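The chain contents come next:
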Amino acid sequence: MSPASTGASTTLDAASPVITSSDSRLTPGGPGYRRMSFALFLAGVATFALLYSTQALLPLISDDFGVAASEASWTVAAATGGLALFVLPMSALSERFGRRTVMTASLAVAVAVGLLVPFAPSIGALVALRAVQGAALAGLPASAQAYLAEEVRPRALVTAIGLFVAGNSVGGMSGRVITGWVAQMWGWRVSVGVIGVIAVGCAVAFRLLLPAPRHFTAGSLRPRVLLGTVRTHLSDPLLRRLYAIGALFMTVFGGVYTVIGYRLTGAPFGLPQGIVGSIFLVYLVGTVSASTAGRLVGRLGRRGALYLAGGTTTAGLLLSLASSLPLVLLGLVLITAGFFAGHAVASSAVSKTATHGRAQASALYQSAYYIGSSIGSTVGALAFHANGWPGTVTVGLLAVLGVVTITLLGSRAARREPVTA
């Protein structure tokens, strides 16, 4: 792993397999690469659109069920929490039955539950359905990263994972924009139903486009083997730092985007629901920053890219405190760009660092990442209830401080052990 991730040496690719003309793994411009990229891009779209389908609608859900922001936020936290809890078991299934099989089954179940969400009779039922949906989606993130690590040449891995993360950003953006405008006209129930239908199309296209794996080797489902792999990953200080970084970045992002709807629909802005949904077009910035993460790492190194991502996020949080709508929007742009860049850098570093049990390594990252989302959405909402938007920003700034601190610790570790792989 290279220095940017938090403490490896500068010779990242030295440990990678030597690429020869007989290497049959996918590479940009080669056969199957575009199909694979587009298929996983659509999987990312469906995953984030479903996972965060209620986030932009929280003010409407609060009004419909007569609950506060902190209670409505559980429709987001339950989904991300379900994903965090089940991502490791799902990754074990992917080691045994294959990445494509598990990803297909996960999308199918998540889409089916998504079509039931609009009919939830109470806030409790809605939260329960969202938890099941999140658990189903757990088969996507870790399996996708393991698939890429096995099927894509190492030097193209950061770019390939960046495209998958870019799909996440497009899904998050389109889901929120669509739900915002549909909800303004027909209510939140119809809007989440529309997202379910869109996800059906993404799931079908994903299964038709994704090339069959050529480098997958089935592993064991024995608990002892799984626990041994998990212990190995958790004993690696570099991986532990990456997991913490992913969780902290997502704490910022989860808190900001869970609460922003309440802030923009309230004083002094008073924006209608459709306009608030359109605010999420700033996710396009995340699409760009995630897909260019590979070039960023090439210029700055992984640690440098993480510092830049943290600094960009901090600047955005501070700007969002302004009472001027253009400045708030600029703040959201910077927060989004910093978050997606940091996430793409950290997640690709995990895939490169793990030499075995890649699905479990990615699963642990995803578990930490979505635990961070659940914490961010819950604590951010509580902070907003107690101290308004400055309270939510304070939570975000503390999380970014954690990212910078962990990366600095990694830099010191790299200087002490310059040959660490």
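As the structure is a computational prediction, the values presented were derived from the model and not from experiment.

So, the overall build of the protein
Then, in step 1: Summing up its helical and strand segments, the protein has 17 helices and zero strands in all.
Then, in step 2: The C-alpha radius of gyration of the protein comes to 20 Å, within 12% of the 22 Å expected for a compact globule of 421 residues.
Then, in step 3: Projected onto its principal axes, the C-alpha coordinates of the protein cover approximately 60 × 45 × 40 Å.
Then, in step 4: Scored against the burial criterion, the 421 residues of the protein give a buried share of 59%.
Then, in step 5: If you take every contact in the protein between residues at least 6 apart in sequence, the share linking residues at least 24 apart comes to 83%.
Then, in step 6: A total accessible area of about 15500 Å² is found for the protein, and carbon and sulfur atoms account for 68% of it.

Things to note about the side chain of T75
Then, in step 1: Note that T75 resides in helix α4 (residues 74-97).
Then, in step 2: For T75, the side chain forms a polar contact with the main-chain oxygen of A72, separated by 2.9 Å.
Then, in step 3: Not counting residues up to four positions away in its chain, the partners in contact with T75 are T54, L58, I61, I123, L126, V127 and R130.

Quick word on the packing of α4 against helix α16 (residues 358-387)
Then, in step 1: Where α4 contacts α16, the two axes come as close as 8 Å, and the packing angle between them is 175°. As far as their axial angle goes, α16 and α4 are roughly antiparallel.

Details of empty space enclosed by the protein
Then, in step 1: The tally for this structure, following the rule as stated, stands at two cavities of 30 Å³ or more.
Then, in step 2: Put simply, the largest cavity is a space of about 60 Å³.
Then, in step 3: Lining the largest cavity are T47, F48, P141, Q145, F164, V165, N168, H343, Q366, Y369 and Y370.
Then, in step 4: Partitioned by chemical class, the residues of the lining of the largest cavity number six nonpolar, five polar and no charged.
Then, in step 5: If you go around the second largest cavity, the residues you meet are L50, S53, G114, V117, Q133, V192, I195 and G196.
Then, in step 6: Residue contributions to the lining of the second largest cavity peak at three residues, all from helix α9 (residues 188-209).

A few points about the nonpolar core
Then, in step 1: Counting 117 residues, the largest nonpolar core has M36, L40, L148, Y257 and Y370 as its most contacted members.
Then, in step 2: When residues in this core are grouped by element, the largest group, 15 residues, is from helix α11 (residues 237-265).

Thoughts on the environment of L325
Then, in step 1: Positionally, L325 belongs in helix α15 (residues 325-353).
Then, in step 2: Taking the C-alpha atoms as reference points, L325 and A205, separated by 120 residues in sequence, lie 39 Å from one another.
Then, in step 3: In this structure L325 touches L264, F269 and L271, once residues within four positions along its chain are discounted.

Overview of the confidence of the model for the protein
Then, in step 1: On average, residues of the protein carry a pLDDT of 84, and 91% of them reach 70 or more.
Then, in step 2: No element of the protein has a lower mean pLDDT than helix α13 (residues 283-291), which averages 76, and none a higher one than helix α6 (residues 123-137), which averages 95.
Then, in step 3: Taken as a whole, residues 1-21 scores under 50 in pLDDT and shows 64 contacts with residues more than four places along the chain or in a different chain.

Description of the packing of helix α5 (residues 99-114) against α6
Then, in step 1: Contact geometry of α5 with α6 gives a least axis separation of 8 Å together with a crossing angle of 165°. Between α5 and α6, the angle falls in the class roughly antiparallel. By crossing handedness, the relation of α5 to α6 is classed as left-handed. Seen from α5, the contacting residues are S106, V109, A110, V113 and G114; seen from α6, they are L129, V132, Q133, A136 and L137.
Then, in step 2: Residue classes in the contact of α5 with α6 are distributed as seven nonpolar, three polar and no charged.

Conventions used here
- Residues numbered from 1 in each chain as written.
- Predicted model: local features only at pLDDT ≥ 70, side-chain atom pairs only at ≥ 80, totals over all residues.
- Heavy atoms only, no water.
- Helix = DSSP H or I, 4+ residues; strand = E, 2+ residues; numbered from the N terminus.
- Rg over C-alpha atoms; globule rule 2.2 N^0.38 Å.
- Buried < 20%, exposed > 50% of the residue type's maximum accessible area, 1.4 Å probe, protein only.
- Contact = heavy atoms within 4.5 Å.
- Areas by Shrake-Rupley, 256 points an atom, 1.4 Å probe, with all protein chains shown as cover.
- Polar contact = N/O pair within 3.5 Å; in protein donor to acceptor, adjacent residues only side chain to side chain.
- Axes fitted to C-alpha atoms, helices over the stretch in contact; angles between N-to-C directions.
- Parallel < 35°, antiparallel > 145°, perpendicular 65-115°, else oblique.
- 1 Å grid on protein atoms, 1.4 Å probe; cavity = no way out; pocket = protein on both sides within 12 Å on 5 of 7 lines; lining within 4 Å.
- Points joined across faces, edges and corners; volume = space filled by probe spheres on them.
- Nonpolar A, V, L, I, M, F, W, Y, C, P; charged D, E, K, R; others polar.
- Core = buried A, V, L, I, M, F, W, Y, C linked by side-chain atoms within 4.5 Å.
- pLDDT = per-residue confidence, 0-100.
- Left-handed = near helix turned anticlockwise from the far one by under 90°.

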